[in-house]
2 protein chains.
Amino acid sequence: MQLDQATPEQLRQWESQLDAEYQGFLAQKLNLDLTRGKPSAEQLSLSDALDGILKGNYIAADGTDTRNYGGLDGLPEAKQLGANLLGVAASDILVGGNSSLTLMFQVMLAAHQFGLKDSASAWKNEGEVSFICPVPGYDRHYTVCAQLGIKMINVAMTANGPDMDAVEALVKADKSIKGIWCVPKYSNPTGVVYSDETVDRIAALGKIAGDNFRVFWDNAYGVHDLIDNAPVLASILEATRRHNTEDSVIQFASTSKITHAGAGVAFVAASAANQAGIKKFLNTCTIGPDKVNQIRHTRFLPDNAALLAHMKKHAALLNPRFEAVLSALSGAFDGTDLGYWEKPVGGYFVSFDTRKGCAQETVRLAAEAGVKLTPAGATYPYGKDAEDRNIRIAPSVPTVPEVVAAMKVFVTCVKLASVRKQLAS
Amino acid sequence: MQLDQATPEQLRQWESQLDAEYQGFLAQKLNLDLTRGKPSAEQLSLSDALDGILKGNYIAADGTDTRNYGGLDGLPEAKQLGANLLGVAASDILVGGNSSLTLMFQVMLAAHQFGLKDSASAWKNEGEVSFICPVPGYDRHYTVCAQLGIKMINVAMTANGPDMDAVEALVKADKSIKGIWCVPKYSNPTGVVYSDETVDRIAALGKIAGDNFRVFWDNAYGVHDLIDNAPVLASILEATRRHNTEDSVIQFASTSKITHAGAGVAFVAASAANQAGIKKFLNTCTIGPDKVNQIRHTRFLPDNAALLAHMKKHAALLNPRFEAVLSALSGAFDGTDLGYWEKPVGGYFVSFDTRKGCAQETVRLAAEAGVKLTPAGATYPYGKDAEDRNIRIAPSVPTVPEVVAAMKVFVTCVKLASVRKQLAS
């Protein structure tokens, strides 16, 4: 199917065939959901040994009674778990509560309102504050910026990460820009892994930006490979050390999609100066995070080998679901001009770009046929996908047959929306 | 011992006897600690059944899989646990993470910066913002205000709660006042329970204050009775309903001193309008709190009877420690003019007021003799106890013999500091 070359007659014929197919789906009264980027019950069960793992021993390796108050920055063994996730040293890590999103909010609030270095370094002192948002991206990042009144500036994602020419030009030209959101491995939603060159250029941004510029490096899927010999993300920490920009990057991770989502442990990796600023802020709003949950997690995932073995079990459950999505897309759209997508080998999403102006209609058609998709636009700041193209597909929760069934509907809806759009143009 | 009536010769004689006693303590090289308002290891062990309590069943009563994301406002059964703690209905409750201090920070941040009703209701819009702080009080409350740039205004605590004549006069006269911190039962540190009249007058403040006035009702010790037939705190919720001021009070509690400190569950009770404002804010900084820990707690404390039975076990451990403190104070100071203290029957603290200008010196003397006390002034905003009188005694962690030994040193230090001060005056 090549719409750009098709005659109106050809288009009308396709429309009629596709509509018949679509009516067939309507008749089936499906109820399928590709919206939620969360683990399935089967995946969650992989970590059910967490409850009861302590067997009465609540004491950490350094003698800390995890049941009592304190420990603002986390147990040593929990720091090591965070270090394993982020590929840094335990001393680079602060341990948070159950949510890396909360840590990101707190660090951005601290940087904006109170200053990570001192009160003079607070972004709010400099008037308008902007952040670069590679698009499509993660809606919760946008919500944090919106809440703090931080203006969001879109930059396109490529197969190698954000368009770095555009990023560098913006940072050079606009001093209101205080940072950039990054999901560097299996990016949400496109699934790409930032190339070594991209990582290096992001680490170098601190040289052209002001002192208070901070890359928010949300490495949410750092160990979430679907295949053996998965791509390796270059170390942003090492890159910042080469460029002498260590304060310009703050890294985040959590166990949310490793153990129990929402009942895990979150981590931030930062330079000594940033750690001091973050801890000063955290000390005003908590006595400390849940250390009992920290020690549960360190007993469950005592070293890197245990972590990687555990992630292989997730991959075994996720892989067939991703294959169902990708083979449906290939089968329907290879050699056509109907859409573009990456082929992620990790993470939680497949991102599909329709032809211009077809995403909302595709989502609407799918919803009517009983297949729930994330609202078009959700992957853009302010919910505005100017070209109305991007749709995020999250296949982790449905069963494989459900993913197969939902993708049949999806590809038909993409085709139908595209053909109708072309007919109307 | 009555210093005001003593002759210089008498004072010199006492000083010499007390100094000899003090030198004896110095020789013992003690190492005792009365600073930390936290549970002892024995108390923490009362809740060790929490780990393993789920026995593989992570599903809440309403079918929610607690292992997955979501549930911003908490499981129904966790709301009921919060309702049991605060004496309200489950529908009044939002469930937070492991820290009521974090919830208090978040609610105060939301009220100050973003507005609980809408952005127009944010306190920051009104210029200077002040908060009433009954003194002595809880230093972490002051830290929250200080971080947000909120000016703190002291009001004296009485045996019935804050001096309400002073509070009402301030609220009437000063529109910058946006609220008051309250620890209404076993107040930190004086241990008093607010009288019914005080509760009623606090609930009525909303009628004389502006729309955005909020009482922060930190009911941290609501079920932490040391005796049977403990005093009953009047319901602030019912009082606000009588006065039609329901939006003016926000209540907080947690299980931190019930189960494992720092690994518990926190709660906020608020009107529907306040709940909406709080949830709107929370939605920008978290996907939701740890529901697995919620369900652990609800299985461990399934109803009010279980909760009260559990608290009796805490009381059995705490009571001898409080008795050791109170009998030492009575033995040393009854009938003297050397100090004033309440006799709390719950909570975590005994608060002792020395004669004017003797608190810092008492703490210094005790420290040199190996007895660590909370720094004088810590119980006041900005760390400033203008009369230098208040000392907070926290006896929960040391053993009873340790409390007895520490109190011997304490009373000698109070006497010595007082006599020397009188001699110098």
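- Chain A is annotated in an unreviewed UniProt entry as Aminotransferase class I/II-fold pyridoxal phosphate-dependent enzyme of Cellvibrio polysaccharolyticus.

Some points on the pairing of strand E3 (residues 130-135) of chain A
Consecutive side chains along a regular strand alternate between the two faces of the sheet.
Residue and element names in this part refer to chain A.
Consideration 1: Along E3, six of the six residues are buried, which leaves the element largely enclosed by surrounding structure.
Consideration 2: Here E3 shows no split at all, with Ser130, Ile132 and Pro134 on one side and Phe131, Cys133 and Val135 on the other all buried.
Consideration 3: Looking at chain direction, E3 and strand E4 (residues 151-158) are connected through six bridges and run parallel. Across the sheet, the residue bridging to Ser130 is Lys151, located in E4.
Consideration 4: Note that the unit made of E3, helix H5 (residues 139-147) and E4 has a crossover that is right-handed.

Notes on the interface of chain B and chain A
Consideration 1: Of the residues lining the interface, 53 residues belong to chain B; the matching set on chain A comes to 53 residues.
Consideration 2: The junction of chain B with chain A conceals about 4,200 Å² of combined surface from both sides, 48% of it contributed by carbon and sulfur atoms.
Consideration 3: There are four salt bridges connecting chain B and chain A.
Consideration 4: Where B:Asp51 meets A:Arg296, a salt bridge forms, and the shortest distance between an N and an O atom there is 2.9 Å.
Consideration 5: For the interface between chain B and chain A, the tally reads 30 residue pairs in polar contact (both at pLDDT 80 or more).
Consideration 6: Those elements that provide at least two residues to the side of chain B that touches chain A are helix H2 (41-45), helix H4 (100-114), helix H5 (139-147), helix H9 (272-285) and helix H10 (291-300) of chain B.
Consideration 7: A total of six residues in the side of chain B that touches chain A trace back to one element, the largest contributor, which is H4(B).

Some points on the packing of helix H3 (residues 76-86) of chain B against H10(B)
Residues and elements named next belong to chain B.
Consideration 1: Contact geometry of H3 with H10 gives a least axis separation of 9 Å together with a crossing angle of 60°. As judged from the angle between their axes, H3 and H10 are oblique. Our pair here, H3 against H10, has a crossing hand that is left-handed. Residues Glu77, Ala78 and Leu81 of H3 touch H10, and the partners they reach there are Gln294, Ile295, His297 and Thr298.
Consideration 2: Considered class by class, the residues forming the contact of H3 with H10 number three nonpolar, three polar and one charged.

Considerations on the domain arrangement of chain A
Residues and elements named next belong to chain A.
Consideration 1: Each domain of chain A was delimited in the assignment, giving domain 1 (3-43 + 308-424) and domain 2 (59-302).
Consideration 2: One C-alpha centre belongs to domain 1, the other to domain 2, and the line joining them spans 31 Å.
Consideration 3: Listed per partner, the contact involves 26 residues of domain 1 and 31 residues of domain 2.
Consideration 4: Summed over both sides, the interface between domain 1 and domain 2 buries roughly 2,500 Å², with carbon and sulfur atoms accounting for 66% of that surface.
Consideration 5: When residues of domain 1 are sorted by the area they lose upon contact with domain 2, Met311, Val345 and Pro381 head the list and together hold 23% of the total.

Focus on the sheet that holds strand E9 (residues 266-269) of chain B
Residue and element names in this part refer to chain B.
Consideration 1: Spatial ordering of the open sheet is given by E2-E9-E8-E7-E6-E3-E4-E5, a layout of eight strands whose pairing is mixed. Of all strands in the sheet, those bounded by a partner on one side alone are strand E2 (93-95) and strand E5 (161-162).
Consideration 2: Each of strand E3 (130-135), strand E4 (151-158), E5 and strand E6 (177-182) is contacted by helix H6 (residues 164-173), which is oriented at about 155° to E4, the strand it contacts most.

What about the relation of the copies chain B and chain A?
Consideration 1: Mapping chain B onto chain A is achieved by rotating through 180° and translating by 0.0 Å along the same axis, at an RMSD of 0.0 Å. Here the symmetry operator amounts to a two-fold rotation axis. Within chain B, B:Gly52 has its C-alpha nearest the rotation axis, a separation of 1.7 Å.
Consideration 2: When you check the interface residues of chain B against chain A, 100% turn up at the interface there too, and the contact is symmetric in its surfaces.

Details of the pattern of salt bridges
All names here are of chain A.
Consideration 1: The final tally for this structure, using the stated rule, is 50 salt bridges over all chains.
Consideration 2: As a salt-bridge pair, Arg364 and Glu368 come within 3.1 Å of each other at their nearest N and O atoms. Of this pair, Arg364 and Glu368 both sit in helix H13 (residues 359-368), separated by four residues, roughly a single helical turn.
Consideration 3: Overall, Glu368 belongs to the exposed group, its relative accessible area being 52%.

Details of empty space enclosed by the protein
Consideration 1: One pass over the structure, following the stated rule, counts 14 cavities of 30 Å³ or more.
Consideration 2: Taken as a whole, the largest cavity encloses approximately 580 Å³ of empty space.
Consideration 3: In terms of lining, the largest cavity is formed by 36 residues, of which the most central are A:Gly97, A:Asn98, B:Gly97, B:Asn98 and B:Thr102.
Consideration 4: Those elements that provide at least two residues to the lining of the largest cavity are helix H4 (100-114) and helix H10 (272-285) of chain A together with H4 and H9 of chain B.

About the thresholds
Residues numbered from 1 in each chain as written. Chains lettered and ligands numbered in written order. Predicted model: local features only at pLDDT ≥ 70, side-chain atom pairs only at ≥ 80, totals over all residues. Heavy atoms only, no water. Buried < 20%, exposed > 50% of the residue type's maximum accessible area, 1.4 Å probe, protein only. Helix = DSSP H or I, 4+ residues; strand = E, 2+ residues; numbered from the N terminus. Pairing = 2+ DSSP bridges. Right-handed = clockwise from strand over helix to strand, strands pointing away. Contact = heavy atoms within 4.5 Å. Buried area = accessible area lost by both parts, 1.4 Å probe. Salt bridge = Lys/Arg side-chain N within 4 Å of Asp/Glu carboxyl O. Polar contact = N/O pair within 3.5 Å; in protein donor to acceptor, adjacent residues only side chain to side chain. Axes fitted to C-alpha atoms, helices over the stretch in contact; angles between N-to-C directions. Parallel < 35°, antiparallel > 145°, perpendicular 65-115°, else oblique. Left-handed = near helix turned anticlockwise from the far one by under 90°. Nonpolar A, V, L, I, M, F, W, Y, C, P; charged D, E, K, R; others polar. Domains from an automatic or database assignment. Least-squares fit on C-alpha atoms with pLDDT ≥ 70 in both. 1 Å grid on protein atoms, 1.4 Å probe; cavity = no way out; pocket = protein on both sides within 12 Å on 5 of 7 lines; lining within 4 Å. Points joined across faces, edges and corners; volume = space filled by probe spheres on them.

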